[in-house]
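Here's the letter readout for the chains.
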Amino acid sequence: MSVTSEPNNTMATTNTVTNEEESNEDSLHTKLNRIFNSSITTGPVPVHYSIEIAAKDDFDIGQLKRLTPQPVFCALPWVSDDNLRYADDFLRSPTLQLTARLRENQYTVLNNVSCYNITEQRVDQLLHSTGIRNLFVIRGDTVSPGQQFRNSAGLVQYLRKWQEQQPDHRQLTIAVGGYPYGHHQSSSQTEELHYLRAKISQGADFLLTQTLYDAPSFLRYRDRCREAGITIPIIPGIYVPHSYRHLQALLNLTRIELGPTVRDAFEAHANDAPDQFQSFMVEYFVGVVRELLQPNATTSSDPIKMVHFFTFNKFHLLQQVLEKLDEFFQ
């Protein structure tokens, strides 16, 4: 099907940028417009990437700075309890301390915000006290009885309402999540697409998928989204496991059931030495990303222009992937 050249109406509006919002003076909204609305008439479609990092002791900004090329933005996950523990002073939370540090070093940041037990008052406080304007809205793994926002659609709606009420109408850039392997609480693909359309209709700019383990699952998911009338950019999410134990932990957390071929391939390396396991995973996911991006070199009507990497601060693995795919990434 034909995909609109504008990812979303909100992506096409004029954006007011301040130094507080983006220390590199180039808003995420502007960057995404440049990437997704560019028209390439000859040669392969250029591909960019983004990353998720964690506010943990093993984060090394020096390793981040050495990544070549550099990411378009850095996403920071929202620790479930942070919106309660630091409700009276969001700036003390480790995630927002790292946000400030990244901005000081000229990085564009996308902050995750979970619906879990957050209120309108806390959303207002978060936006006013931090200058955050780029948000990845998630429902969260837990829903408490009586919490104000029961799902992402409600929070996206409130954020757009907040934006309209600001004197300077400063643009928010909002991402939402997608589930190529299905959400464990959805009864069917039809129901899941219904909820996805609901949160996109409230003003989401782009979609980041959950961790992928094969290319066909993403391509089928994207086709379903397009057939359902979803035209915003859909960015595949890639995770390169650094250990078999961590892989299993993440699969349990996300409740993804791997297909037998992928599962058997991973299990065959369960007892590898750490270096051997990581080398296998790098090669495996280079293959996955290459399969996703190969159509860009031909006549794809819906080329993948960005890939999102969940790094868990393992930048050396990401750099190996980027080097092996240097014909794609810019």
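Note: the structure precedes this text.
Residues numbered from 1 in each chain as written. Predicted model: local features only at pLDDT ≥ 70, side-chain atom pairs only at ≥ 80, totals over all residues. Heavy atoms only, no water.

1. Focus: the overall build of the protein
So, step 1. Along the backbone of the protein there are 12 helices and 8 strands.
So, step 2. Relative to its full complement of 330 residues, the protein shows a buried share of 53%.
So, step 3. The long-range fraction of contacts in the protein, counting pairs at least 24 apart against all pairs at least 6 apart in sequence, stands at 75%.
So, step 4. Total accessible area on the protein stands at roughly 15000 Å², and carbon and sulfur atoms take up 47% of it. (Helix = DSSP H or I, 4+ residues; strand = E, 2+ residues; numbered from the N terminus. Buried < 20%, exposed > 50% of the residue type's maximum accessible area, 1.4 Å probe, protein only. Contact = heavy atoms within 4.5 Å. Areas by Shrake-Rupley, 256 points an atom, 1.4 Å probe, with all protein chains shown as cover.)

2. A look at helix H1 (residues 28-36)
So, step 1. Those residues of H1 lying buried are Leu28, His29, Lys31, Leu32, Ile35 and Phe36. Looking straight down H1, one finds that the buried residues subtend no more than 160° of arc, so they occupy a single side. (Arc of directions from axis to C-beta.)

3. Considering the pairing of strand S7 (residues 234-239)
So, step 1. The buried fraction of S7 is high, at 6 of 6 residues.
So, step 2. What you see with S7 is no split at all: Ile234, Pro236 and Ile238 on one side and Ile235, Gly237 and Tyr239 on the other are buried throughout.
So, step 3. Note: strand S6 (residues 206-212) against S7, 4 bridges, orientation parallel. Bridge pairing in S7 places Thr211 opposite Gly237.
So, step 4. With respect to chirality, the unit in which S6 leads through helix H8 (residues 215-227) into the neighbouring parallel S7 is right-handed.
So, step 5. In terms of strand pairing, S7 meets strand S8 (residues 306-310) through 3 bridges, oriented parallel. Bridge pairing in S8 places Tyr239 opposite Phe310. (Pairing = 2+ DSSP bridges. Right-handed = clockwise from strand over helix to strand, strands pointing away.)

4. A word on the packing of helix H10 (residues 260-267) against helix H11 (residues 274-293)
So, step 1. Their axes nearest at 11 Å, the elements H10 and H11 cross at an angle of 155°. Considering the angle they form, H10 stands roughly antiparallel to H11. Every residue of H11 that contacts H10 at Val262, Ala265 and Phe266 is listed here: Phe280, Met281, Tyr284 and Phe285.
So, step 2. Considering only residue class, the contact of H10 with H11 consists of 7 nonpolar, no polar and no charged. (Axes fitted to C-alpha atoms, helices over the stretch in contact; angles between N-to-C directions. Parallel < 35°, antiparallel > 145°, perpendicular 65-115°, else oblique. Nonpolar A, V, L, I, M, F, W, Y, C, P; charged D, E, K, R; others polar.)

5. With respect to the environment of Met281
So, step 1. Of note, Met281 is situated in helix H11.
So, step 2. Expressed as a C-alpha distance, the spacing of Met281 and Val321, which sit 40 residues apart in the sequence, is 9.7 Å.
So, step 3. Once residues lying within four places of it in the same chain are set aside, the contact partners of Met281 are Val240, Pro241, Leu247 and Phe266.

6. As for empty space enclosed by the protein
So, step 1. Inspection of every chain in the model, using the stated rule, returns 1 cavity of 30 Å³ or more.
So, step 2. A volume near 70 Å³ is recorded for the largest cavity.
So, step 3. Every residue along the wall of the largest cavity is listed here: Ile238, Tyr239, Val240, Phe309, Phe310, Thr311, Lys314, Leu317 and Leu318.
So, step 4. When contributions to the lining of the largest cavity are tallied by element, the ones reaching two or more residues are S7, S8 and helix H12 (315-324).
So, step 5. The residue makeup of the lining of the largest cavity, split by class, is 7 nonpolar, 1 polar and 1 charged. (1 Å grid on protein atoms, 1.4 Å probe; cavity = no way out; pocket = protein on both sides within 12 Å on 5 of 7 lines; lining within 4 Å. Points joined across faces, edges and corners; volume = space filled by probe spheres on them.)

7. So, the side chain of Asn112
So, step 1. With respect to the helices, strands and loops of the structure, Asn112 is situated in strand S3 (residues 109-114).
So, step 2. Not counting the four nearest positions on each side in its chain, Asn112 is found in contact with Glu52, Ala75, Leu76, Pro77, Trp78 and Phe136.

8. Focus on the sheet that holds strand S1 (residues 48-52)
So, step 1. Strand order in the closed barrel formed by 8 strands is S1-S2-S3-S4-S5-S6-S7-S8, with parallel pairing between adjacent strands. Between one strand axis and the next, the sheet turns by 30° as a mean value, whatever way the strands run.
So, step 2. When strand S4 (residues 134-138) meets strand S5 (residues 173-178), the two strands line up parallel, connected through 4 bridges. Along S5, the bridge assignment pairs Val137 with Val176.

9. Some words on the nonpolar core
So, step 1. Leu102, Tyr213, Phe309 and Phe329 are the most contacted members of the largest nonpolar core, which totals 83 residues.
So, step 2. The element that contributes the greatest number of residues to this core is H11, accounting for 11 residues.
So, step 3. Ignoring sequence-local partners within four residues, the contact set of Phe329 consists of Val47, His48, Tyr49, Pro69, Val289, Leu293, Val307, Phe309 and Leu322.
So, step 4. Listed in part, the 14 residues of the second largest apolar core include Phe36, Ala75, Ala175 and Phe206. (Core = buried A, V, L, I, M, F, W, Y, C linked by side-chain atoms within 4.5 Å.)

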